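What follows is each chain in one-letter form.
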Amino acid sequence: MTREALGRLEDQLGKVILGKPEVIKSLLTGLLGAGHILMEDVPGVGKTTLAKALARSISGEFKRVQFTPDLLPTDILGSSVYNPREGTFAFKPGPIFTNVLLADEINRASPRTQSSLLEAMSERQASIEGTTHPIGAPFLVIATQNPVEFHGTYPLPEAQLDRFAMRIDLGYPAPEQEVAVLYSQFHHHPLDDVGPVVDGATVLALQEAARAVKVDPRIARYVVDLAASTRRHPSLKMGCSPRGSLTLFRMAQARAFREGRDYAVPEDVKAVAVSVLAHRLGLDTKARYSGVRKEDVVRELLGSVPVGV
């Protein structure tokens, strides 16, 4: 039953975002691994549409926050509101208390506001005015951002980036797919037809099933060796953290489950490594100004770090 639900979810997303099956599979891998997703690309390629389509496909609470330079942490977390009739303060929850949160254009808000998501993303709780408030499960943050070179953006700090399990780039559609996009919105937007195909309990069951995928110790060591190699690479000033190693392990399990297996293989690690690791790395000054890309560093390591036998 859970696999059928996953198929329904993939089919529905494929009707909204045309010609991007690998992007949709990566998004579902992140969902199965109970990880938060960061989607980065130029404006207008469908980041927000894909995020909204996934949120609408899950029957649960969905909130969207448009990040702007004047957004405050309390606009996300909530605050105490005075009740003049009773003479007391009552806590009014912010949009963070939901099942799926769409943080649209997250890097247009100030670092102070961006950091308000840290505790919720890592611990599924929010501490506000000295009180800790739990956030229900499932809890998924889907954030979109424009490239940092764009005007009016604030680069996400390393601690924030490390909370995202995967970073996904959509890219431009192929010409024939772009023509199909034009006709798909001829009368109305395909997003209008999107409705819940799975509920929160099914999502949790899918995540538990993905976490039960068996991983050979040699594959686990391969994950650790990949992470360790990023800490020694001459082009990097900051390598992958242990949180990154754990996330790579979880996403490999999720990818194996999505592929219909109850065991992971090295190809699962390799398939998700770029999306999981690249955004966690920090290039040194020389590499950055030489045009080195973090994704290419990960691909280089995938070709050089051996899999244990």
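Use the structure listed above.
Residues numbered from 1 in each chain as written. Predicted model: local features only at pLDDT ≥ 70, side-chain atom pairs only at ≥ 80, totals over all residues. Heavy atoms only, no water.

Asker: How would you summarise the nonpolar core if you had to cite specific residues and measurements?
Answerer: If you look at the biggest cluster of nonpolar residues, it comprises 66 residues, and the most contacted ones within it are L54 and L248. Grouped together as the second largest cluster of nonpolar side chains are 24 residues, A120, A126, F139 and F164 included. (Core = buried A, V, L, I, M, F, W, Y, C linked by side-chain atoms within 4.5 Å. Buried < 20%, exposed > 50% of the residue type's maximum accessible area, 1.4 Å probe, protein only.)

Asker: Lay out the sheet that holds strand β9 (residues 140-145) in plain terms, naming residues and giving numbers.
Answerer: For sheets, the rule is that strands pair by backbone hydrogen bonds, running either parallel or antiparallel. As summarised here, the arrangement of the 5 strands in space is β3-β6-β9-β1-β10, forming an open sheet in which the pairing is parallel. The strands lining the two open edges of the sheet, one partner per strand, are β3 (62-66) and β10 (164-168). The sheet shows a mean angle of 15 degrees between the axes of neighbouring strands, taken without regard to direction. As paired elements, strand β1 (residues 36-40) and β9 share 4 bridges and run parallel to each other. Bridge pairing in β9 places I37 opposite I142. (Pairing = 2+ DSSP bridges. Helix = DSSP H or I, 4+ residues; strand = E, 2+ residues; numbered from the N terminus. Axes fitted to C-alpha atoms, helices over the stretch in contact; angles between N-to-C directions.)

Asker: Explain the pairing of β10 to me, and be specific about the residues and the numbers.
Answerer: In terms of burial, β10 is a largely internal element, 5 of the 5 residues being buried. Of the pairings in the sheet, the one linking β1 to β10 comprises 4 bridges and is parallel in character. Across the sheet, residue L38 finds its bridge partner in β10, namely R167.

Asker: Quick rundown of helix α9 (residues 200-211)? Include the residues and the values.
Answerer: End to end, α9 covers 17 Å across 12 residues, agreeing with the expected 16 Å (1.5 Å per residue, within 8%). Where the residues of α9 are buried, they touch α1 (2-16), α2 (21-32), β2 (58-59), β11 (198-199) and α11 (242-258). (Expected span 1.5 Å × (residues − 1). Contact = heavy atoms within 4.5 Å.)

Asker: Can you explain the packing of α11 against helix α12 (residues 266-277)? Please cite residues and give values.
Answerer: One way to put it is that α11 packs onto α12 with a least axis distance of 8 Å and a crossing angle of 130 degrees. Considering their axes alone, α11 and α12 lie oblique with respect to each other. The interaxial crossing formed by α11 with α12 has right-handed handedness. Of the residues in α12, those in contact with G244, T247, L248, M251, A252, R255 and A256 of α11 are E267, D268, V269, A271, V272, A273, V276 and L277. Tallied by class, the residues present in the contact of α11 with α12 amount to 10 nonpolar, 2 polar and 3 charged. (Parallel < 35°, antiparallel > 145°, perpendicular 65-115°, else oblique. Left-handed = near helix turned anticlockwise from the far one by under 90°. Nonpolar A, V, L, I, M, F, W, Y, C, P; charged D, E, K, R; others polar.)

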